[in-house]
Amino acid sequence: MNVWAFVLVVALGAMSPGPDFAVVVRHSVVSGRGHGLATAAGIAAGVFVWAAAAASGVAALIAWAPGALTALKLVGAAYLLYLGVRSLRSGGQAATVEPGTRKSRGAAFRDGLLCNVLNPKAAVFFVALLPQFLPADPGIVDTVVLSGLAVAITIVWFTSVALLVSALRRLLDRAPVRRAIDRLTGVALIALGVRLAVTTAR
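Residues numbered from 1 in each chain as written. Predicted model: local features only at pLDDT ≥ 70, side-chain atom pairs only at ≥ 80, totals over all residues. Heavy atoms only, no water.

Novice: What is the right way to look at the pattern of salt bridges in this model?
Specialist: When charged atoms on two side chains of opposite charge get close, those side chains can pair. Tallied over the full model, the rule gives one salt bridge. D111 is the salt-bridge partner of R110, the closest N and O atoms lying 3.4 Å from each other. (Salt bridge = Lys/Arg side-chain N within 4 Å of Asp/Glu carboxyl O.)

Novice: Looking at this structure, how should I read the packing of aromatic side chains?
Specialist: The relative placement of two aromatic rings is captured by the distance of their centres and the angle of their planes. Counted under the stated rule, the structure contains one aromatic pair. Summarising the aromatic geometry, the rings of F6 and F133 are spaced 5.4 Å apart at their centres and angled 70° between planes, so their arrangement reads as edge-to-face. Residue F6 is located in helix α1 (residues 3-15), and its partner F133 is located in helix α7 (residues 120-133); the two are separated by 127 residues in the primary sequence. Per residue, the accessibility class of F6 equals that of F133, and both read buried. (Phe/Tyr/Trp six-rings, centres within 6.5 Å; stacked < 30°, edge-to-face > 60°. Helix = DSSP H or I, 4+ residues; strand = E, 2+ residues; numbered from the N terminus. Buried < 20%, exposed > 50% of the residue type's maximum accessible area, 1.4 Å probe, protein only.)

Novice: Help me out: how do you make sense of the side chain of S166 in this one?
Specialist: Relative to the helices and strands, S166 resides in helix α8 (residues 140-167). Under the relative-accessibility criterion, S166 is labelled buried at 15%. In this view, S166 contacts S28, G32 and R33; residues no more than four positions away in its chain are not counted. (Contact = heavy atoms within 4.5 Å.)

Novice: Hey, could you run me through the confidence of the model for the chain in this one?
Specialist: Low pLDDT means the predicted atomic positions in that stretch should not be read closely. In the predicted model, the chain carries a mean pLDDT of 79, and the fraction of residues at 70 or more is 84%. At the level of individual helices and strands, the chain shows its lowest average pLDDT in helix α4 (residues 58-64), which scores 64, and its highest in α8, which scores 90. Of the regions scoring below 50 in pLDDT, residues 94-102 engages in nine contacts with residues more than four places distant in sequence or in other chains. (pLDDT = per-residue confidence, 0-100.)

Novice: In this structure, what is going on with the nonpolar core? I would like to understand it.
Specialist: Side chains of nonpolar character tend, in soluble globular proteins, to be buried together. Counting 42 residues, the largest nonpolar core has F6, W50, F126 and L130 as its most contacted members. Elements represented by at least two residues in this core include exactly α1, α2 (19-31), α3 (33-56), α5 (66-90), α7, α8 and α10 (175-198). When near neighbours in sequence (up to four residues on either side) are disregarded, F6 contacts L129, L130, F133, L146, L149 and A150. (Core = buried A, V, L, I, M, F, W, Y, C linked by side-chain atoms within 4.5 Å.)

Novice: Sorry, what's going on with α8 here?
Specialist: For an α-helix the count is 3.6 residues per turn, leaving residues at separations of three or four pointing the same way. The end-to-end C-alpha separation of α8 is 40 Å, in line with the 40 Å expected for 28 residues at 1.5 Å each. Taken residue by residue, α8 has T143, L146, S147, A150, V151, I153, T154, F158, V161, A162, V165 and S166 as its buried positions. (Expected span 1.5 Å × (residues − 1).)

Novice: It is not clear to me how empty space enclosed by the protein should be interpreted in this structure. Could you clarify?
Specialist: Empty space among the atoms becomes visible once a probe the size of a water molecule is rolled across them. A full pass over the atoms with the stated rule returns one cavity of 30 Å³ or more. Reported here for the largest cavity is a volume of approximately 60 Å³. In terms of lining residues, the largest cavity is bounded by V23, R26, H27, L83, R86, S87, D111 and L189. Broken down by secondary-structure element, the contributors of at least two residues to the lining of the largest cavity are α2 and α5. Partitioned by chemical class, the residues of the lining of the largest cavity number three nonpolar, two polar and three charged. (1 Å grid on protein atoms, 1.4 Å probe; cavity = no way out; pocket = protein on both sides within 12 Å on 5 of 7 lines; lining within 4 Å. Points joined across faces, edges and corners; volume = space filled by probe spheres on them. Nonpolar A, V, L, I, M, F, W, Y, C, P; charged D, E, K, R; others polar.)

Novice: When you look at the packing of α1 against α8 in this model, what are you seeing that I'm missing?
Specialist: Pairs of packed helices are described in terms of their axes, by the angle between the two and the distance that separates them. Relative to each other, α1 and α8 sit at 40°, their axes nearing to 9 Å. One element, α1, and the other, α8, form an angle in the oblique class. Handedness of the crossing formed by α1 with α8: right-handed. Residues V3, F6, V7, V10, A11, A14 and M15 of α1 form the contact with α8, whose participating residues are L146, L149, A150, I153, W157 and F158. (Axes fitted to C-alpha atoms, helices over the stretch in contact; angles between N-to-C directions. Parallel < 35°, antiparallel > 145°, perpendicular 65-115°, else oblique. Left-handed = near helix turned anticlockwise from the far one by under 90°.)

Novice: Help me understand the environment of L114 in this model?
Specialist: Summarising the element assignment, L114 is placed in helix α6 (residues 101-117). Taking the relative accessible area as the measure of exposure, L114 reaches 27% and is therefore partly exposed.

Right, dumping it as structure tokens:
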């Protein structure tokens, strides 16, 4: 296995701008470090789901079944649109934490998880990626190692984003800045949702 090449490809994929980045930034600004970290953990859990699905062949089935891929694409697009509209409607209001920190962080984890799991491009990414770095006759250990690396890279990157953004929260939480972040995040998520709905993941 060419582990370092795999690490580089996954790292570049994680760092590329997308809905995962947007939801981590917004939760970190709106609700602070704990919620940003919970979102990052949700995204990493989504990566684990896709890595496991790719290893078991489920992701390949989804990726090459037009009906399943289209359904997943539309559901993912609808969820991004929902997140975008919710961000726009908040309009830079003061952070509102749901009763019970555990419930609120659970919602942040859910946003990160669904944002990743409902992205059909993640299925295609892992179906195309994993076989390139596995030996001709891969064993379970080979697959587990690469899947674990993908999850670790994801959690390190998005945890770093959450920590950096939350460290700047005092500056970013000012009303004019919050309004700008909410609007930019909302527009970005809506644009990503529309793009996902009208383009193919292949």
